[in-house]
Every structure is written in structure tokens, then in C-alpha cells.
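# Summary of structural features
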Amino acid sequence: MAVVVTNLDHLVKKIDPARYQDRVEKIDKMIREGTGAGSDFLGWVDHPVNYDKEELALIKEKAQYVRDNYEALVVCGIGGSYLGARAAIEAINGVFNHDKVEMIWLGMNLDPCYLSQVLDYLKTKKFAVNVISKSGTTTETAIAFRLVKDLLEKRDGKEAARKAIFATTDKEKGALLTLAKKEGYTTFVLPSNIGGRFSVQTAVGLFPIACAGIDPQEILEGSAEARLDAMEKDIMKNEAYKYAVARHIIYAREHKNVEFFITYGPNVRQLSEWWKQLYGESEGKDGKSLLPSSATFTTDLHSLGQYIQDGSSVFFETVLHFVNHRHDVTIGHDDDNLDGLNYLEGKTVSYVQEKAYEGTLAAHSIDGHRSNIVLDVEKMSAHNLGYLFYFFEIACAMSAYLNGVNPFDQPGVEVYKKNMFHLLGKPGF
Ligand code: PA5
């Protein structure tokens, strides 16, 4: 089985992605030759094979240093500068885990309660910091970093802080690069031709991932395999492009405006957040595109489940379905059977979840008339996650171009910033 299989058997109306063969071939050529809108940001296409091998060695070395010397890693970043790393670490290590390095996410909000509680918590922890910002001027990240840097320097001294801080930013320019050089921090590079939301396979994602004890090479190898598979010309055998075309047809021809990305379980909840940013920021422009939304089953079957089954039919679902699981639990016997569960004695929780998945798929697609695209994945692993990252990235580029938008800019994000800077009295605004 390919790592990801796009299963179109659960759509309400049958579709024929093969009709898009010529258009997809033209767009694919445009992506690979860099002739489309936003082509300055296509560095991610070949990055899984072209990455800087020396930097990967440095990432591994410094990550080992963090694992040997610190109890926690504070990752300061927002949007594409943290979502991929968090998605990967939670998907692989789990939300509850015994890893020796605790991951703490900061710089992705302006919530005074969250910030002050994290700073308070850090006072007694031996922590390192990875500040990640391509521009180096993102307000949320810069404020959080100023605060943790100050905490570290005052508590442990300047030299210890210097050793504990790692900066990931542009190679040539930006406020963070200037600061990192002045302070003598170890720096990692976000290549200038890769945008934040396409950067999880660079140091942006790989350094925190390695600090969490996950082999970054496996992520890259998975992405490299997806890159090869995405070169398949026949669209019906190209699972990423099949997904891109299917969601485009359901949007453009069936006029569904929302795509619910469905995952099962809290460990992959952050993968949905990464996916939402990738598609929302890449496609949501010029008054067009699907609204990327998400739900975590079976949890949300007890909340949004009602709406999905029975509410307005503005959406379709894309279900990320893992065929096998790395951990499992067997349900035991109880003599009294007061909970009535003895009929499941000896069965695993993965078996029960699979039946919930099958029952839900039928309920939503047959009874509820909701189209479901199912993405079958053999199981979660660092390799397969690397595959999924690339799969969604290349599908996103294809989907945005099919929709006539530039996948690689985000002009809408600037509007709130301008207003906020003006209200804060930032010079020049
Ligand atoms: O994907 C993107 O381009 C954005 O989400 C950015 O990653 C985010 O705004 C953070 O920007 P920066 O890395 O410059 O701090």
C-alpha cells in the first residue's frame, strides 16, 4: 500500500478526477518550472532531497545537547513558525508522554494569563529556548522571546543564556538575525524561498522535533518519498493530486464551501491546526476557496456530530484514517458487568474505534448525504508523517492554482497588524 491512499468511495456524487488530467499536468509543470504566481517560494518542492546536510548534522548535535542538559524546550513562534513542529511532536510522542524534554509553546498569542503562567512555571525549570521567526519582527513571538530571554539572563547569567538560546530565522536579513549575531546564539536557517507554512521540513520544524527525541531524518525521508510519488503523471495514481482535484470539484461543482478535516484522537489534533493554516493561508484570498475547518472524533461526535449529521449541508469531510495503531489497550472482564461491557471483553480499543469510524462514515455519507474523502494511512510514524506533510503541501499548491489563487502569499494577514501597530503607536504606523 502507498503511504497515503485517497479513497473516493464515500462521496455522495461520483466524480471523475481523470477529467482534470491536462490541467493538472500543466499546473504541475508550472510548479516544477517555477512559472506560476508566487514562484519565489517554491524551495519546499525539492527541499526533502536538497536540504543542507551540514545543517541537519548541526540540528542533531545541538538537539542532543538540549536533551542532555535541559528539562524543557521553550519554542517561541507563531503560525508556520510553530504549528508543524507541534503537530509532529504531539503526533509522534503523544500528548501524554514520558519524554525527558518537556515542550512548551510560547509566542503564538498575546494572552497575558498564558504568558505570565508560563513564565512563572519556567522559573524553576532548566530550560532552553528556540526562537523561530523568518521576519524576526512578529510581535507575539518577539514579546515572548524578550520575556524568556530576560528571565534566563537574570536567573542564569548572560553566558548560560547564550548557550541555551537557539534562533531559527532568515539567513541574510531581519531583526532576529541581527540580535542572534550580536548575542552569539547558534542559528538555524529558514531558506528565503520557503514560506512559514511550508517550512516544517526545515530547521523550523526539525530542530524542535529533534529536541523531542524524534529523528528528523525520518521526517525528511518520508517527505522525499512523497515527493517521488507526487511526480506520478497519471492523476488517478497520484494520491496527492487526486485529493487536490477531488476537493476542488466538490468546491467548484458541488458548491460546498467548508472542508471538515476529521482526525481521530487528541495526538493528531495539532496536525489539523497545521493543515488549517496551510490551506487557509494559502487558498483563502480573492473572495474564494474552501473554509478549512476541523473536528476530532469521536470526541466531537458528541458536540459537532449533531450538526455534521443533520445541519446545513455546506460542507464535506476529509477523514484521516490510520489503519494500524502503535499502541493499544485490551478491554478486560468484569464479573458484575454492571456497565454492560462484557460483550467487548478481549477486544482492543483500536477495534472499538475502527467500528466507530465505520459507523460514522456510513452515518454521514449514506444517511446524512455528506461526501467523505478518506485518506487511508497505514500507521503513524515519523516517516509517514513526513510523507503526510509533503502530501498536503503539494496538494495545497495544486489546489490553489486550480482555484486561480497564488498559494504562497498572505496579504490578508497584514491588515490586523497595521491596525494594531497604529493603535500601539509603533513608529511608522
Ligand atoms: O506561514 C506563514 O508565512 C506565517 O504563518 C508565518 O509563519 C507567521 O506569520 C510567522 O512569521 P515569522 O516567521 O516571520 O515570525
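Our subject is the structure that appears above.
Here's a quick rundown of the structure. These numbers come from a predicted model, not from an experiment. (Residues numbered from 1 in each chain as written. Predicted model: local features only at pLDDT ≥ 70, side-chain atom pairs only at ≥ 80, totals over all residues. Heavy atoms only, no water.)

Let us look at the sheet that holds strand 9 (residues 315-322). Hydrogen bonds between backbone groups are what pair the strands of a sheet, and the pairing can be parallel or antiparallel. The 5 strands lie next to each other as 1-10-9-7-8, forming an open sheet whose pairing is mixed. Looking at strand neighbours, the two that pair on one side only are strand 1 (4-10) and strand 8 (291-297), the edges of this open sheet. On average, adjacent strands in this sheet sit at an angle of 25 degrees to one another, irrespective of strand direction. Two elements, strand 9 and strand 10 (residues 372-377), share 6 bridges in a ladder whose sense is parallel. Looking across to strand 10, one finds that L320 is bridged to L375. Contacts between helix 14 (residues 349-367) and the sheet are confined to strand 1, strand 7 (258-264), strand 8, strand 9 and strand 10, with strand 10 contributing the most and set at about 155 degrees to the helix. (Pairing = 2+ DSSP bridges. Helix = DSSP H or I, 4+ residues; strand = E, 2+ residues; numbered from the N terminus. Axes fitted to C-alpha atoms, helices over the stretch in contact; angles between N-to-C directions. Contact = heavy atoms within 4.5 Å.)

For the ligand, the full set of nearby residues is I78, G79, G80, S81, S133, K134, S135, T138, G196, R197, Q277 and E281. Within the side chain of S81, a nitrogen or oxygen atom sits 2.7 Å from an oxygen atom of the ligand. For the ligand, an oxygen atom lies 2.5 Å from a polar atom in the side chain of Q277. For the shell around the ligand, the residue count by class is 1 nonpolar, 8 polar and 3 charged. (Near = heavy atom within 4 Å. Polar contact = N/O pair within 3.5 Å; in protein donor to acceptor, adjacent residues only side chain to side chain. Nonpolar A, V, L, I, M, F, W, Y, C, P; charged D, E, K, R; others polar.)

Let us now look at the packing of aromatic side chains. Counted by the stated rule, this structure contains 24 aromatic pairs. A ring pair is formed by Y243 and F392, whose centres lie 5.9 Å apart and whose planes are at 80 degrees; its orientation type is edge-to-face. Of this pair, Y243 sits in helix 11 (residues 239-252) while F392 sits in helix 15 (residues 382-402); the two residues are 149 residues apart in sequence, bridging distant segments of the chain. Among the aromatic residues, those joined into a cluster by ring pairs are Y243, F261, W274, W275, Y279, F389, F391 and F392. Sitting above the plane of the Y351 ring, K347 keeps its charged end 5.4 Å from the centroid. Over the face of the ring belonging to F421 we find K426, whose NZ or CZ atom lies 4.1 Å from the ring centre. (Phe/Tyr/Trp six-rings, centres within 6.5 Å; stacked < 30°, edge-to-face > 60°. Lys NZ or Arg CZ within 6 Å of the ring centre and 35° of its normal.)

This part is about the packing of helix 4 (residues 83-93) against helix 15. It is at 10 Å that the axes of helix 4 and helix 15 come closest, and there the two elements cross at 145 degrees. For helix 4 against helix 15, the interelement crossing comes out right-handed. Across the interface between the two elements, G84, A88, A91 and I92 from helix 4 touch A382, L385 and F389 from helix 15. Looking at the contact of helix 4 with helix 15 residue by residue, the class counts come to 6 nonpolar, 1 polar and no charged. (Left-handed = near helix turned anticlockwise from the far one by under 90°.)

So, on to the side chain of D28. Inspection of the secondary structure puts D28 in helix 1 (residues 21-33). Side chain to side chain, D28 and Y241 meet in a polar contact 2.6 Å long. Setting aside its immediate chain neighbours within four residues, D28 contacts A230, K233, Y241 and M398.

With that settled, the discussion passes to the nonpolar core. Counting residues in each nonpolar core, the largest one holds 118 residues, and the members touching the most others are W44, V148, W274, L385 and F392. The element best represented in this core is helix 15, accounting for 15 residues. The residues contacting V148, other than those within four sequence positions of it, are V74, C76, L106, L119, L122, F127 and V129. Listed in part, the 12 residues of the second largest apolar core include I262, I308, Y357 and V374. (Core = buried A, V, L, I, M, F, W, Y, C linked by side-chain atoms within 4.5 Å. Buried < 20%, exposed > 50% of the residue type's maximum accessible area, 1.4 Å probe, protein only.)

Attention now moves to the environment of T298. Its place among the elements puts T298 in the loop between strand 8 and helix 13 (305-310). Judged by its relative accessible area of 31%, T298 is partly exposed. Considered as a pair, T298 and G265 are 33 residues apart in the sequence and their alpha carbons are 7.4 Å apart. Excluding residues within four positions of it along the chain, T298 makes contact with Y264 and A356.

Before going further, it helps to examine the pairing of strand 6 (residues 186-189). Only one face of strand 6 is buried, namely the one carrying T186 and F188, since none of T187 and V189 on the opposite face is buried. Two elements, strand 5 (residues 165-169) and strand 6, share 4 bridges in a ladder whose sense is parallel. Its bridge partner being in strand 6, A167 is matched across the sheet by T187. Note that the unit made of strand 5, helix 8 (residues 175-183) and strand 6 has a crossover that is right-handed. (Right-handed = clockwise from strand over helix to strand, strands pointing away.)

Our focus in this paragraph is the environment of Q306. Relative to the elements of secondary structure, Q306 occurs in helix 13. A relative accessible area of 54% means that Q306 is categorised as exposed. Setting aside residues up to four positions removed in sequence, Q306 forms contacts with L301 and G311.

Take unusual backbone geometry next. Cis geometry marks the peptide bond from F297 to T298; its omega dihedral reads 5 degrees. With phi around 55 degrees, D286 is a residue other than glycine that occupies positive phi space. Relative to the helices and strands, D286 resides in the loop between helix 12 (269-283) and strand 8. One non-glycine residue, S289, lies in the positive phi region at around 95 degrees. Positionally, S289 belongs in the loop between helix 12 and strand 8.

Remember, this is a structural readout, not a statement about activity or role.
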